[in-house]
Amino acid sequence: MATVTLEGVRKSYGRVEIIPPIDLEIASGEFIALVGPSGSGKSTLLRVIAGLEEIDAGRILLDGKDITRAEPSERDMAMVFQSYALYPHMTVAENMVFALRMRGADPAEIDRRLTAALRMLGMTDYANRKPGQLSGGQRQRVAMGRAIVRQPQVFLFDEPLSNLDAKLRAATRLELRALHDQLGATSIFVTHDQIEAMTMADRIVLLDRGRIQQIGTPQQIYREPRNRFVASFIGSPEINMLRGVLAPGAGHPSFAGLPLPDGLRVTAERKVDLGVRPEHVSVWTEPAPDRWPFEVEAVEFTGHDAFLLGKTPAGRITARVDPDSENGLADRVTAGQRLHVQVQARHVLLFDPETGLRLPDG
Amino acid sequence: MTARRIAGRVAANGVVWGYAALIVLPTLWVLSNAFKYKIDIITGTTISPITWSNFEQLLFSRQSHFLWNLFNSAVVAVISTAIVIVAATMAAFTLGRLRVPGWVRWLILGWALLFQMLPTLTFVGSWYVMWSAVGLHGTYVAVILTHVVHNLPMGLFLMLSFMAALPQELFQAARMDGCSNGQMFWRVAFPLVRGGMIAATALIFIFSWSDFAIALALTSPATMTAPVAISTFAQEYDIRYGEMAAGTLLSIVPALVLILVGQRFIVRGLLAGAVK
């Protein structure tokens, strides 16, 4: 258990600044996800914390102790790599205890920890296999085991689930979180997969081009995104983002000349980016004063959801439809059909078109 | 199959078989000469009585020291190859895996490439003068060290490609696990490039074993290697074709054995970096 603190950490390769000065405080025992698109600097940041990359400025503290110049092995951190990075010439057991052996730990202690870790991961029968003789999921376990036996203060995960198939990934997600809770260490998890971040993390750090866009719980990030990037990056399918003029109007406010239902307080006319998530757009067959005409272009059925993609006078919109209700609408809709949509005003997010920052209502 | 594809196949097969014929036929001709009487060789008889006299002359006559020459070849090739492989593997690890300033890496590799590109004969004269100046001409030391210098670039490039094929994350994991640079080499890199080392060993050994230019300039009768000895069978008034052929056949054997043993690795060595 340890806190990890980054103070003004900056990293550049030559003239390219990968991470502009960054400050980040990670609490003891916390599960933090670093999320962002590729090239956002999230993996670099993890490597910086691990000590595999030197930094150009700033300090890294572990429980208040400056470890900026410490060797990776002196930082009491263990890392699970994306490719697992298992030593191909060593058995599962040898892989797992390699770090302890290098440290010259007591053989009895090594044995005890190995046995415990193998049992915890259900890998006891595979201790004498080489990594080449294991399946992807088993290799992933060995990589975790290698980190566990070290009993580090901090676990670093670099997209450890991205090489697993979808089903295994979902199961491993739960296991990994359970393991974190059981071991009580601090975990820093890098992923480009927002679902992983949302489901596992206590807090999410969303990065874009090395800059922290927002830090918050999954709920905060999803419901109260600080800017347009955060709103667009988190959520699947992506949030609908429409640009137009928002006006108070007489009685009902309007957007791009289209009526909005009650629930949004608009005081002055201004140009905005209006964001509304697919689940906050309701679909109707009948017109009404606060509904917009909607021409269906495509229907995506995913099982528990159906999404209608189509055109409104304000722009393209994706709307979520519950396949089990709304009178079986989802099953009947075909491309080319004309329907009506209503934007649920109280869920609308407004952004400044210039800065991308979120605007308070009105 | 279209006519164009058939034509393509015919052309491709023609090139491959033509190339094979270019190598195999002269070899067969030389090898068959080893079992012929001199008169049959000179008259160009294809099918002739078989004789072992060439081998008897070569191995047991008083004028010939061919077994000794083979021994010299072995001493030179084994020792120089061993030095090259050890140096090349360590250098490849250092250049490819450790933090070496870019200019150092380019200087060394650029020099190695330049050296590799220039014909051996360019240097042979200078080497002769240098070794004579320090009184080492005609010794094993001179030939072995010159072979090391000559073959090191090739060994370095081969080992670099094997080293580069190892994933970076493996070494990062080793660093996290507390390995020093030395431990990273011995415990991670070395076990994983062993296959590559075998391939490089086979290739470098063959280069050294079959070298003629350097050995011709730097050996004395006491340290003469097999290729040089074979050339001495061509004298002013008498070219002993039969013994040359027999000597060639005998000197091919070690290389052949090595290739058969290390074939799997050699192909991988030649293709390293080409695929993926």
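Computed from a predicted structure; not experimentally measured. (Residues numbered from 1 in each chain as written. Chains lettered and ligands numbered in written order. Predicted model: local features only at pLDDT ≥ 70, side-chain atom pairs only at ≥ 80, totals over all residues.)

### So, the overall build of chain B
Secondary structure summary: chain B contains 12 helices and 0 strands in total. Element order for chain B, N to C, with α for helix and β for strand: α-α-α-α-α-α-α-α-α-α-α-α. Across its three principal directions, the C-alpha atoms of chain B cover 70 × 70 × 30 Å. Within chain B, buried positions represent 34% of all 276 residues. Restricting to contacts in chain B with at least 6 residues of sequence separation, those with at least 24 account for 78%. (Helix = DSSP H or I, 4+ residues; strand = E, 2+ residues; numbered from the N terminus. Buried ≥ 20, exposed ≤ 12 C-beta atoms within 10 Å, placed from the backbone. Contact = placed C-beta atoms within 7 Å.)

### Topic: the packing of helix α2 (residues 92-103) of chain A against helix α3 (residues 107-121) of chain A
Residues and elements named next belong to chain A. Where α2 meets α3, the closest approach of the two axes is 10 Å, and the angle between their N-to-C directions is 140 degrees. Taken together, the axes of α2 and α3 lie oblique to each other. For the crossing formed where α2 meets α3, the hand is right-handed. On the side of α2, the interface is formed by A93, M96, V97, L100 and R101, while α3 contributes I110, R113, L114 and A117. Looking at the contact of α2 with α3 residue by residue, the classes come out as 7 nonpolar, no polar and 2 charged. (Axes fitted to C-alpha atoms, helices over the stretch in contact; angles between N-to-C directions. Parallel < 35°, antiparallel > 145°, perpendicular 65-115°, else oblique. Left-handed = near helix turned anticlockwise from the far one by under 90°. Nonpolar A, V, L, I, M, F, W, Y, C, P; charged D, E, K, R; others polar.)

### A look at the sheet that holds strand β4 (residues 57-62) of chain A
Residue and element names in this part refer to chain A. Overall, antiparallel pairing links the 4 strands, which are arranged β2-β1-β4-β5 in an open sheet. Every interior strand has two partners, whereas the edge strands, β2 (16-26) and β5 (65-66), have only one. When β4 meets β5, the two strands line up antiparallel, connected through 2 bridges. Counted as the bridge partner of L62 is K65 from β5. Helix-sheet contacts for helix α1 (residues 42-50) involve β1 (4-13), β2 and β4, and the interaxial angle to β1 is about 120 degrees. (Pairing = 2+ DSSP bridges.)

### Quick look at the nonpolar core
One recurring pattern in soluble globular proteins: nonpolar side chains tend to sit buried together. A33(A), L34(A), L156(A), I188(A), F189(A) and M159(B) are the most contacted members of the largest nonpolar core, which totals 154 residues. If you tally residues by element for this core, the top one is helix α9 (residues 181-210) of chain B, at 12 residues. Of the residues that make up this core, three or more belong to each of domain 1 (4-231) and domain 2 (238-359) of chain A. Those residues in contact with M159(B) that sit more than four places away from it in its chain are A88(B), T89(B), A92(B), V193(B), G196(B) and A200(B). (Core = buried A, V, L, I, M, F, W, Y, C linked by C-beta atoms within 7 Å. Domains from an automatic or database assignment.)

### Quick notes on the confidence of the model for chain B
Low-confidence regions, as indicated by low pLDDT, have predicted coordinates that should not be scrutinised in detail. With 95% of its residues at a pLDDT of 70 or more, chain B shows a mean pLDDT of 88. Predicted complex metrics record ipTM = 0.82 and pTM = 0.81. (pLDDT = per-residue confidence, 0-100.)

### Remarks on helix α6 (residues 121-133) of chain B
Over its 13 residues, α6(B) extends 19 Å from the first C-alpha to the last, a length consistent with the 18 Å expected when each residue adds 1.5 Å. Phi for G135(B), located one or two positions after α6(B), is positive at around 75 degrees. (Expected span 1.5 Å × (residues − 1).)

### Regarding the packing of helix α4 (residues 66-97) of chain B against α9(B)
Residue and element names in this part refer to chain B. With their axes 8 Å apart at the nearest point, α4 and α9 run at an angle of 140 degrees to one another. One finds that α4 runs oblique with respect to α9. With respect to the hand of their crossing, α4 and α9 are arranged in right-handed fashion. Packed against α4, whose contacting residues are S73, V76, A77, S80, T81, V84, I85, A88, T89, F93 and R97, the element α9 presents F185, A189, V193, M197, A200, T201, I204, F205, S208 and W209 at the interface. Taken together, the residues of the contact of α4 with α9 break down into 14 nonpolar, 6 polar and 1 charged.

### As for the interface of chain B and chain A
Many structure descriptions define interface size as the accessible area lost when the parts assemble. With 14 residues of chain B at the contact, the number on the chain A side is 16 residues. Put simply, the parts of the chain that give the side of chain B that touches chain A at least two residues each are α8 (168-176) and α9 of chain B. The element contributing the most residues to the side of chain B that touches chain A is α8(B), with 6 residues. Residue classes in the side of chain B that touches chain A are distributed as 8 nonpolar, 3 polar and 3 charged.

### Re the pairing of β1(A)
Residues and elements named next belong to chain A. Of the pairings in the sheet, the one linking β1 to β2 comprises 7 bridges and is antiparallel in character. When the bridges of β2 are listed, S12 appears paired with E17. The hairpin formed by β1 and β2 contains 2 residues between the paired strands, and G14 there has a positive phi angle of roughly 60 degrees.

### Quick word on the domain arrangement of chain A
Residue and element names in this part refer to chain A. Parsing chain A into structural domains produces domain 1 (4-231) and domain 2 (238-359). Just the C-alpha atoms count here: the centres of domain 1 and domain 2 sit 39 Å apart. Broken down by class, the residue content of the side of domain 1 that touches domain 2 amounts to 3 nonpolar, 1 polar and 2 charged.

### Focus: the sheet that holds strand β13 (residues 258-259) of chain A
The strands that make up a sheet are held in pairs by hydrogen bonds between backbone atoms, and each pair lies either parallel or antiparallel. Residues and elements named next belong to chain A. Strand order in the open sheet made by the 6 strands is β13-β12-β11-β14-β20-β21, with antiparallel pairing throughout. Looking along the sheet, the strands with just one partner apiece sit at the ends: β13 and β21 (358-359). As judged from the 2 bridges shared by strand β12 (residues 254-255) and β13, these two strands associate in the antiparallel manner. Opposite F255, over in β13, you have L258 as the bridge partner.

### Some words on unusual backbone geometry
Residue and element names in this part refer to chain A. Residue P237 is bonded to the preceding S236 through a cis peptide linkage, with omega at -5 degrees. Relative to the elements of secondary structure, P237 occurs in the loop between α8 (228-233) and β11 (240-247). Of note in the backbone geometry, Q151 takes a positive phi value of approximately 45 degrees without being a glycine. Structurally, Q151 is set in the loop between α4 (136-148) and β7 (154-158).

### Looking at the pairing of strand β14 (residues 270-276) of chain A
Residue and element names in this part refer to chain A. With 5 of its 7 residues buried, β14 lies for the most part within the structure. As defined by bridge partners, β11 adjoins β14 across 7 bridges and the pair is classed as antiparallel. If you follow M241 over to β14, its bridge partner there is G275. Here β14 pairs with strand β20 (residues 349-351) via 3 bridges, running antiparallel. Paired with G275 across the strands is L349, a residue of β20.

### As for helix α5 (residues 102-117) of chain B
An ideal rise of 1.5 Å per residue puts 22 Å on 16 residues; α5(B) measures up with 22 Å between its terminal C-alpha atoms. When you tally the buried positions in α5(B), you get 0 out of 16 residues, a small fraction of the element.

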